[in-house]
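Take a look at the letters that make up each chain.
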Amino acid sequence: MRTENDLSGEKESLNFIEEIIEADLREGRHSVIQTRFPPEPNGYLHIGHAKSICLNFGLAEKYNGKCNLRFDDTNPTAEEQEYVDSIIDDIRWLGFEPDQILFTSDYFQQLYDWSLQLIRDGKAYVDFSTPEEIAKSKGTPTVPGTPTKYRDTAPEENLAIFERMKNGEFPDGHCVLRAKIDLASPNMHMRDPYLYRIKHAHHHRTGDTWCVYPMYDWAHGQSDSIEHITHSICTLEFVPHRELYDWLITQLGIFPSKQYEFARLNLNYTVMSKRKLLQLVREGNVRGWDDPRMPTIRGLRRRGYTPESLREFARRVGVAKRDNIIDVSLLEFCIREDLNKRALRRFAVLNPLKVVITNYPDGKVEWLETENNPEDPDAGTRQLPFSRELYIEQDDFMENPPPKYFRLSPGGMVRLKSAFIIQCTDVVKDAGGSIKEIHCTYVPESRSGQDTSGLKVKGVIHWLSAAHARDAEVRLYDRLFTVEDPAAEEDFKQVINADSLEVISQAKIEPALTETSEGERYQFTRLGYFVVDPEATAEKTVFNRTVTLRDTWAKEMKKQS
């Protein structure tokens, strides 16, 4: 499994598709390359699609070529304009602009005309056999198929029947158009595959014009040829389809687009199947396609991922010829690296514990300077209010600390970031024995940047002035599954991580964080990276955790095992 440690220092080199392209350009087979990204508008794109988008559009950019967005809209019962719009938006969000936005339905008439050519040439026929009969007649990988009684129907009769299919004279599934190739081929895809099926369904673009729709294997290569796609890049499951892709182009004598295959993205602790993702949504295991735990681009956007981080992730994963599993920690590494440079720092306390500084004047407020981003000198500084009563994280205080605990404890000293050194003098508990608040004293001479106290402390913690802190809802997202390969489980829903979402309804934030807009990203000092959720309003501030500051998951899994 590849992780960020394996990849962070890799030397840039050509992948095998780039080597093919450079050879094609060098040897004059093409003067300009043309690629395409061909999604089905039947759902939302996920991170696997993001990798393919980065590959196809990235190759066009690198070699001064062009990349089309072509929607494979050949199944009207599953397609919606909503998906078309979301796909276009996701591609543009990733930073790419298609040379053309096209649809396979743009070519329905041309595909139909070409199918007539195949029929006239004796290369296609209408088959009225049932799906079960056709499947049986194809044989097995080691046993040749046998022709159905319709295979030798005369071309003139096939033309007439296919015309009736197009005119809507037969019900759904009554018959299909098949290519006439080789029933003894070792490649099962060459044993007279389907070209057209009947579907009396309203199409989101062509309406009720058509009731016969092309199969993917028929529409794919011919659409590529129409657009003069030079390098048609698919995932490895389409390797067996390549022979049919080439055969159909050859029979028609059209532009010879070429198909090349690469390994699809497999990410651990994740499912990529559209069917499984749809099941998660429909059964309420997540809050929708844009739930920040989903691997959809919409979910990643809502979680706070940036286009730059996803493009960098795709670059680091690279283009392989064999399937492998990528560690999700690499994806998290990429967003940490990106946000570390750009995200403004802010103070937030998720689980507040009140601190009373007993020797600080009651009613006094002073403003202390702290940096907005130490990684960006141009980010400047901001002023934070400091007062007698503060909030700190509950985890930053322990009544009975273990050795080498450098945060606050009875009698212990710690520095408040950008403020003063304090020492715990008393612990106040309620009737049930729970800690209600702690009392401390501060060292006036220890102000950050002006420290003359001579004291040395190892711990530094963040804080908020209680009087100035504002409330916020903070949603802590983690991995949706508890096992590395949930798709391999008998029921993948049984390994959903029950702790994948924790909602903190009364977190405390500094005042500046109430004046934010949807999608703005911040680092909460010492806690992680967070983004303003679309549900945030002027009355209610809502943040989603994008990622922790460090990869704590691997450590936790090791502890549990």
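Predicted model only: the values in this text are computed from it and were never measured.

Cut-off values and rules
Residues numbered from 1 in each chain as written. Predicted model: local features only at pLDDT ≥ 70, side-chain atom pairs only at ≥ 80, totals over all residues. Heavy atoms only, no water. Helix = DSSP H or I, 4+ residues; strand = E, 2+ residues; numbered from the N terminus. Rg over C-alpha atoms; globule rule 2.2 N^0.38 Å. Buried < 20%, exposed > 50% of the residue type's maximum accessible area, 1.4 Å probe, protein only. Contact = heavy atoms within 4.5 Å. Areas by Shrake-Rupley, 256 points an atom, 1.4 Å probe, with all protein chains shown as cover. Lys, Arg positive; Asp, Glu negative; His and termini not counted. Charge placed at Lys NZ, Arg CZ, Asp CG, Glu CD. Pairing = 2+ DSSP bridges. Axes fitted to C-alpha atoms, helices over the stretch in contact; angles between N-to-C directions. 1 Å grid on protein atoms, 1.4 Å probe; cavity = no way out; pocket = protein on both sides within 12 Å on 5 of 7 lines; lining within 4 Å. Points joined across faces, edges and corners; volume = space filled by probe spheres on them. Phe/Tyr/Trp six-rings, centres within 6.5 Å; stacked < 30°, edge-to-face > 60°. Arc of directions from axis to C-beta. Polar contact = N/O pair within 3.5 Å; in protein donor to acceptor, adjacent residues only side chain to side chain. pLDDT = per-residue confidence, 0-100. Salt bridge = Lys/Arg side-chain N within 4 Å of Asp/Glu carboxyl O. Parallel < 35°, antiparallel > 145°, perpendicular 65-115°, else oblique. Left-handed = near helix turned anticlockwise from the far one by under 90°. Nonpolar A, V, L, I, M, F, W, Y, C, P; charged D, E, K, R; others polar.

Peer 1: Teacher, can you tell me more about the overall build of the protein here?
Peer 2: Check the secondary structure of the protein and you find 14 helices and 25 strands. Its C-alpha radius of gyration of 31 Å places the protein more than 25% over the 24 Å reference for a compact globule of 561 residues. Along the three orthogonal principal directions, the C-alpha set of the protein runs to about 100 × 55 × 45 Å. A buried classification covers 52% of the 561 residues belonging to the protein. Within the protein, contacts between residues separated by at least 24 positions form 71% of all contacts whose residues are at least 6 apart in sequence. Of the roughly 25,700 Å² of accessible surface on the protein, 46% is carried by carbon and sulfur atoms. Looking at charge distribution, the protein has the averaged site of its 73 positive side-chain charges lying 3 Å from that of its 89 negative ones.

Peer 1: Please clarify how the sheet that holds strand E1 (residues 34-37) should be interpreted in this entry.
Peer 2: Adjacent strands of a sheet pair through backbone hydrogen bonds, lying either parallel or antiparallel. With parallel pairing, 3 strands are arranged side by side in an open sheet as E1-E2-E3. For this open sheet the edge positions go to E1 and strand E3 (101-103), each flanked by a neighbour on one side alone. On average, adjacent strands in this sheet sit at an angle of 35° to one another, irrespective of strand direction. As paired elements, E1 and strand E2 (residues 66-71) share 4 bridges and run parallel to each other. Its bridge partner lying in E2, Arg 36 is registered against Asn 68. Sheet contacts for helix H3 (residues 47-62): E1 and E2; angle to E1, the most-contacted strand, approximately 160°.

Peer 1: Looking at this structure, how should I read the sheet that holds strand E18 (residues 435-442)?
Peer 2: Taken in spatial order, the 7 strands line up as E19-E16-E17-E18-E12-E15-E20 in an open sheet, and their pairing is mixed. Here the strands that pair on one side only, and so sit at the sheet edges, are strand E19 (460-461) and strand E20 (464-465). Here strand E16 (residues 413-416) runs beside E19; their pairing, made up of 2 bridges, is parallel. For Leu 416, the partnering residue across the bridge sits in E19 and is Ile 461.

Peer 1: What am I meant to see in unusual backbone geometry here?
Peer 2: Trans peptide bonds make up most of the peptide bonds, and negative phi angles are found at most residues other than glycine. You will see that His 228, though not glycine, has its phi angle at about 55°, which is positive. Within the secondary structure, His 228 sits in the loop between helix H8 (216-226) and strand E8 (231-235).

Peer 1: I keep staring at empty space enclosed by the protein and nothing clicks. Help me out?
Peer 2: Leftover empty space is mapped by rolling, across the atoms, a probe with the size of a water molecule. Enumeration according to the criterion identifies 7 cavities of 30 Å³ or more in this entry. Roughly 260 Å³ of internal volume is contained in the largest cavity. Along its surface, the largest cavity is lined by 21 residues, and Thr 270, Arg 293, Met 294, Arg 303 and Val 328 are the ones closest to its centre. Every element with two or more residues in the lining of the largest cavity is listed here: helix H11 (297-303) and helix H13 (328-342). Among the elements that line the lining of the largest cavity, the one with the most residues is H13, at 3 residues.

Peer 1: Which parts of the structure should I look at to understand the packing of aromatic side chains?
Peer 2: Counted according to the given criterion, the structure contains 22 aromatic pairs. Ring centres of Tyr 44 and Tyr 83 lie 5.4 Å apart, and the angle between their planes is 85°; on these two criteria the pair is classed as edge-to-face. Of this pair, Tyr 44 sits in the loop between E1 and H3 while Tyr 83 is found in helix H4 (residues 81-93), placing the two residues 39 residues apart along the sequence. With centroids separated by 5.3 Å and ring planes inclined at 75°, the aromatic side chains of Tyr 360 and Phe 386 adopt a geometry described as edge-to-face. With Tyr 360 in the loop between strand E12 (352-357) and strand E13 (366-371) and Phe 386 in strand E14 (residues 381-386), the pair connects residues that are 26 residues apart, well separated along the chain. Through pairs of rings, three or more aromatic residues link up here, namely Phe 108, Tyr 112, Phe 162, Tyr 196, Trp 210 and Tyr 213.

Peer 1: It is not clear to me how helix H10 (residues 274-282) should be interpreted in this structure. Could you clarify?
Peer 2: Residues separated by three or four positions in an α-helix point in the same direction, a consequence of the helix having 3.6 residues per turn. Taken together, the buried positions of H10 are occupied by Lys 276, Leu 277 and Leu 280. Buried residues of H10, seen end-on, are gathered within an arc of 100° and therefore sit on one face of the element. The outward face of H10, more than 90 degrees from its buried face, is lined by the exposed residues Arg 275 and Arg 282. Where H10 starts, the residue carrying a side-chain oxygen 3.2 Å from the main-chain nitrogen of Arg 275 turns out to be Ser 273. Of the residues trailing H10, Gly 284 is marked for its positive phi of about 75°.

Peer 1: Got a minute to help me understand the confidence of the model for the protein in this structure?
Peer 2: It should be kept in mind that the predicted coordinates are not to be read in detail where pLDDT is low. Taken as a whole, the protein shows an average pLDDT of 95; of its residues, 96% reach a score of 70 or greater. Note on residues 2-10: pLDDT is under 50 here. Beyond four places in sequence and across chains, it has 20 contacts.

Peer 1: What is the right way to read the pattern of salt bridges from this model?
Peer 2: Where charged atoms from two side chains of opposite charge come close, those side chains can pair. Within the structure shown, the criterion is met by 42 salt bridges. A salt bridge links Asp 224 to Arg 70, with the shortest nitrogen-to-oxygen separation between them at 2.7 Å. Within this pair, whereas Asp 224 is found in helix H8, its partner Arg 70 is found in strand E2, the two being separated by 154 residues in sequence. No difference in accessibility class separates Asp 224 from Arg 70, as the two residues are buried. Notably, a salt bridge pairs Arg 164 with Glu 169, separated by 2.7 Å at the nearest N-O pair. For Arg 164, a relative accessible area of 37% translates into the label partly exposed.

Peer 1: It is not clear to me how the environment of Val 542 should be interpreted in this structure. Could you clarify?
Peer 2: With respect to the helices and strands, the residue Val 542 is situated in strand E25 (residues 542-547). If near-sequence neighbours (up to four positions away) are discounted, Val 542 is found in contact with Glu 473, Arg 475, Val 531, Val 532, Asp 533, Glu 535 and Ala 536.

Peer 1: Teacher, can you tell me more about the side chain of Thr 306 here?
Peer 2: Mapped onto the elements, Thr 306 comes out in the loop between H11 and helix H12 (307-317). By relative accessible area, which is 0% here, Thr 306 ends up buried.

Peer 1: What exactly am I supposed to notice about the packing of H12 against H13 here?
Peer 2: In a packed pair of helices, the relevant descriptors are the angle between the two axes and the axis-to-axis distance. Between H12 and H13, whose axes approach to 9 Å, the crossing angle comes to 135°. Classified by the angle their axes make, H12 and H13 are oblique. Note that H12 runs across H13; the crossing there is right-handed. On the side of H12, the interface is formed by Glu 308, Ser 309, Leu 310, Glu 312, Phe 313, Arg 316 and Val 317, while H13 contributes Leu 330, Leu 331, Phe 333, Cys 334, Ile 335, Asp 338 and Arg 342. Grouping the constituent residues of the contact of H12 with H13 by class yields 8 nonpolar, 1 polar and 5 charged.

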